[in-house]
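Reading the structure
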Amino acid sequence: MKKLFAILFITLSFNAFSQNDAKALLNEVSQKVKSYDNISIDFKYTLENLSENIKQETKGDVVLAGNKYRLNILGVTRLFDGKTLYSISTEDEEVTISSNNEDEADAITPSKMLSFYEDGYTYKTDIQQNINGRKIQYIKLIPIDSHSEIKNILLGIDANTKHIYNLIQVGKNGTKTTLTVNSFKTNTPLSKTLFTFEADKYQDYYINKLD
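Residues numbered from 1 in each chain as written. Predicted model: local features only at pLDDT ≥ 70, side-chain atom pairs only at ≥ 80, totals over all residues. Heavy atoms only, no water.

Re the overall build of the protein
- Along the backbone of the protein there are 1 helix and 12 strands.
- Going residue by residue from the N terminus, the α and β elements of the protein occur as α-β-β-β-β-β-β-β-β-β-β-β-β.
- Counting all 211 residues of the protein, 39% fall into the buried class.
- Taking the intrachain contacts of the protein between residues at least 6 apart in sequence as the baseline, contacts between residues at least 24 apart amount to 47%.
- If you sum the accessible surface of the protein, you get close to 13,200 Å²; carbon and sulfur atoms cover 50% of it. (Helix = DSSP H or I, 4+ residues; strand = E, 2+ residues; numbered from the N terminus. Buried < 20%, exposed > 50% of the residue type's maximum accessible area, 1.4 Å probe, protein only. Contact = heavy atoms within 4.5 Å. Areas by Shrake-Rupley, 256 points an atom, 1.4 Å probe, with all protein chains shown as cover.)

This is the structure we're talking about:
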């Protein structure tokens, strides 16, 4: 019985340490991100579902400044100026305009990509890997909401720079999405119109207003 209590105490102590350790690292990442005026990221995005025999890979880039962003992926530019979201498809010659709809619980959107973990998850330290000479510490996050479509998320953090290296999200339906950061630049000079929708450029486009 004493041995059982000892094992239980060690397990509980380790779990508490793991969670505190994870929280401290996530706080460092959050503080680092919030210290920048803007962030520019090039990334690779992979979606896999083995049971459905699906594997898709694509590249994209995003510029973030406060709650504004400009995201390019799959031939579509998503521009959010802080109030309105514009989805611009040059292939379809269409612009979809809507109020920002980023309050969906499971949506890890560009504005939340580097801070989504601050609310709604329990977390603990997971494996550590050496990737191309970089020490990547993983934090495992599990949604508090039992109805979430997300099973868990592994957030890989560069232990040296305290920047996010990758994000691996596993859905309850077996779908795994991975976002890997290829380049991470901060405080670069930005055009004053980068987050502005310039309607004159899209006069020949079909304008679809959702609101």
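Side note on the nonpolar core
- Among the nonpolar cores identified, the biggest contains 32 residues, and Ile41, Leu114, Tyr117, Ile139, Leu141 and Leu155 are the most heavily contacted of them.
- Tallying contributions element by element places helix α1 (residues 2-34) first for this core, with 5 residues. (Core = buried A, V, L, I, M, F, W, Y, C linked by side-chain atoms within 4.5 Å.)

A look at the sheet that holds strand β6 (residues 94-99)
- Ordered by their spatial adjacency, 12 strands build an open sheet running β7-β8-β9-β10-β11-β1-β2-β3-β4-β5-β6-β12, and the pairing between neighbours is mixed. In this open sheet, the two edge strands, each paired with only one partner strand, are β7 (121-131) and β12 (206-209). When strand polarity is set aside, the average angle formed by the axes of neighbouring strands in this sheet is 20°.
- Where strand β4 (residues 76-80) lies against strand β5 (residues 84-89), 5 bridges are found, and the strand directions are antiparallel. Of the residues in β5, the one forming a bridge with Phe80 is Leu85. (Pairing = 2+ DSSP bridges. Axes fitted to C-alpha atoms, helices over the stretch in contact; angles between N-to-C directions.)

A closer look at the confidence of the model for the protein
- Residues of the protein with pLDDT of at least 70 account for 84%, and the chain-wide mean is 84.
- Mean pLDDT per element in the protein: α1 is the minimum at 59, and β5 is the maximum at 94.
- Predicted confidence is poor over residues 1-18, with pLDDT under 50, and the contacts of this stretch with residues over four places away or in other chains come to 2 contacts. (pLDDT = per-residue confidence, 0-100.)

Let's talk about the environment of Asp42
- Looking at the element boundaries, Asp42 is found in strand β1 (residues 39-49).
- The partly exposed category is assigned to Asp42, whose relative accessible area is 37%.

A word on the pattern of salt bridges
- Taken as a whole and assessed by the stated rule, the structure comprises 3 salt bridges.
- As a salt-bridge pair, Glu48 and Lys176 come within 3.9 Å of each other at their nearest N and O atoms. Pair noted here: Glu48 is in strand β1 and Lys176 is in strand β11 (residues 176-186), with a separation of 128 residues, a long-range link.
- On the basis of relative accessibility, which here comes to 19%, the residue Glu48 falls in the buried class. (Salt bridge = Lys/Arg side-chain N within 4 Å of Asp/Glu carboxyl O.)

Let's talk about the environment of Ile157
- Considering the arrangement of structural elements, one finds Ile157 in strand β9 (residues 150-158).
- Residue classification places Ile157 among the buried positions, given a relative accessible area of 0%.
- Sequence-wise, Ile157 and Lys135 are 22 residues apart; in three dimensions their C-alpha atoms are separated by 8.3 Å.
- Residues contacting Ile157, with those up to four places away along its chain left out, are Leu25, Leu26, Val29, Lys135, Ile136, Gln137, Ile139, Lys162, His163 and Tyr165.

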